[in-house]
Amino acid sequence: MRWTSLLPLALAALSPSHVLAARETLDEAAVHVRELISYRAFNTGVLMSVFPDDAQVPVPGLPFGLQEYYAEYPDSNGDILLLAMPIAAIYRNALPPNPPNLTLTINDMYGFGKGNLAAGRMRVALYGTLEPVEDENEAERCHQAYLAAHPDARGWIGAGGPHSNFFARMRVNKVYAFNGFGDVAYIGWVPLDLYRESGAKMRSAKEAHRDWPVPRQPEEAGLATLFGEQLDQEEGEAEGKAKARFRIQW
Ligand SMILES: *[C@@H]1O[C@H](CO)[C@@H](O)[C@H](O)[C@H]1NC(C)=O
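An account of the accompanying structure is given in this report.

Analysis parameters
- Residues take numbers from 1 onward in each chain, read along the sequence in its written order.
- Totals for whole chains, interfaces and linings use all residues, but because this is a predicted model, local features are given only for residues with pLDDT of at least 70 and pairs of side-chain atoms are given and counted only at 80 or more.
- Runs of H or I in DSSP of at least four residues are treated as helices and runs of E of at least two as strands, each being numbered from the N terminus.
- Neighbour density around each residue's C-beta defines its exposure: 20 or more other C-beta atoms within 10 Å make it buried, 12 or fewer make it exposed, and counts between make it partly exposed, where C-beta atoms are placed from the backbone.
- One fewer than the residue count of a helix, multiplied by 1.5 Å, yields its expected span.
- Here the contact rule is simple: place C-beta atoms from the backbone, and any two residues whose C-beta atoms are within 7 Å are in contact.
- When DSSP locates at least two bridges between a pair of strands, those strands are taken to pair.

Some points on the environment of Arg121
Structurally, Arg121 can be placed in the loop between β5 (101-107) and β6 (123-132). Note on Arg121: 22 C-beta atoms within 10 Å, which makes it buried. As a C-alpha pair, Arg121 and Ala185 span 64 residues in sequence and 9.7 Å in three-dimensional space.

Here it is in structure tokens:
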């Protein structure tokens, strides 16, 4: 982790007017993870599974992931609702006779403007297992929840859809948070009970959009030196350009 090891040097060079935000605590990180999943990813992530060793594909034994819609599983406190389609290899890899394990990564999708700010953005990996929803009433609740998150999915949900599909609960069992650069953000495992209980501490969607721990921009946090000396040397015009390039555009 080159960033982290260089950081003390960069900070030592700062003038006293630079005040660094305190590092995000694990408790805060767990709430941010829940808010990220609920409000900041358009209910879309990358769903992954592993091809079985004997799969008739060019890449047996390797992981496979593609963009996928999700919704929050109703009243589950942190589980994920998926519309499983056995035609899709990612789901097939997690359906019998294969083990039911899946991984879903979710990224902060807000704030992309000019410049690439993805490096400092919050993201989370949820590990869990796929459980088909069998109860009819439960499936109806899932239907409503999924449609609320993805109205466009009405064209492919259920028996009228082009492919066989069913609602499934991804029961989360491990959570890994990468909430941004390690000087200000938590990076590491989030205990499952903390992940679950943090749902009660989430703010409203509006608050989470208004007041979000956006990645510190290099020049703001004194990280400019880590991006190369140019920012320091060519102040004025170059600095203005760099600001425009790195500033978050809401
Ligand atoms: C995969 O799923 C099984 C069945 O639920 C579970 O027991 C196991 O812990 C999961 N494997 C891992 C590595 O999490």
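Side note on unusual backbone geometry
The linkage connecting Pro96 with the following residue, Pro97, adopts the cis geometry, with an omega of 5°. You can see Pro97 is positioned in the loop between α3 (89-92) and β5. For Asp75, which is not glycine, the phi torsion reads 50° and is therefore positive. Along the chain, Asp75 turns up in the loop between β3 (71-72) and β4 (80-84). Residue Asn77 is not a glycine yet carries a positive backbone phi of 55°. With respect to the helices and strands, the residue Asn77 is situated in the loop between β3 and β4.

What about helix α2 (residues 26-39)?
Look at α2: 20 Å from first C-alpha to last across 14 residues, which is about the 20 Å you get at 1.5 Å a residue. By the criterion of burial, α2 is predominantly enclosed, with 10 of the 14 residues buried. Looking only at α2, the buried set comprises Ala29, Ala30, Val31, His32, Val33, Arg34, Glu35, Leu36, Ile37 and Tyr39. Residues of α2 that are buried make contact with β5, β6, β7 (166-178), β8 (187-190), α5 (192-197) and α6 (205-210).

Let's talk about the pairing of β6
Relative to β6, β5 runs antiparallel, the two sharing 7 bridges. Bridge pairing in β6 links Leu104 to Leu126. Taken together, the 10 bridges between β6 and β7 define a ladder with antiparallel strand orientation. Among the inter-strand pairings, Glu131 is bridged to a residue of β7, identified as Arg169.

Keep in mind these values describe shape, not function.
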